[in-house]
Amino acid sequence: MSADTLALSANALALPADALALSANALALPADALALSANALALQGIAKFNSLRIDQMLYLGIRIK
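None of the values given here were measured: they were computed from a predicted structure.

A. Seen up close, the overall build of the protein. The helix and strand tally for the protein stands at one helix and zero strands. Judged by the C-alpha coordinates and their principal axes, the protein covers about 85 × 25 × 10 Å. Within the protein, the fraction of its 65 residues that count as buried is 0%. Summed over all atoms, the accessible surface of the protein reaches about 5900 Å², with 70% contributed by carbon and sulfur. When the 4 basic and 4 acidic side-chain charges of the protein are each reduced to a single mean position, those positions are 43 Å apart.

Spelled out as structure tokens, the structure:
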């Protein structure tokens, strides 16, 4: 076998492993998206709480030092 043929054979053998790794990455994406959604909801809750506190301070005339 020539060097090119051997290199092509090695590349062809590596393709299933690459495909398997891509599949694993693709399966992990929904879990990552779910975690990001949970984080976004938590941040949204914190922002809403902070906004309400600021509104309360402004309403009560409390000065922020």
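Resuming the write-up.
B. Examining the environment of T5 more closely. Looking at where T5 falls in the secondary structure, it is placed in helix α1 (residues 3-60). For T5 and D32, which are 27 residues apart along the polypeptide, the C-alpha to C-alpha distance reads 40 Å.

C. Fine view of α1. Between the first and last C-alpha of α1 there are 81 Å, a value that for 58 residues agrees with the 86 Å anticipated at 1.5 Å per step. Phi turns positive, to about 75°, at G61, one or two residues after α1.

D. A look at the environment of L36. The topology assignment puts L36 in helix α1. Residues L36 and L13, 23 residues apart in the sequence, show an inter-C-alpha distance of 36 Å.

Basis of the calculations
- Residues numbered from 1 in each chain as written.
- Predicted model: local features only at pLDDT ≥ 70, side-chain atom pairs only at ≥ 80, totals over all residues.
- Heavy atoms only, no water.
- Helix = DSSP H or I, 4+ residues; strand = E, 2+ residues; numbered from the N terminus.
- Buried < 20%, exposed > 50% of the residue type's maximum accessible area, 1.4 Å probe, protein only.
- Areas by Shrake-Rupley, 256 points an atom, 1.4 Å probe, with all protein chains shown as cover.
- Lys, Arg positive; Asp, Glu negative; His and termini not counted.
- Charge placed at Lys NZ, Arg CZ, Asp CG, Glu CD.
- Expected span 1.5 Å × (residues − 1).

So, to be careful, I would describe these as geometric facts and stop short of saying anything about function.
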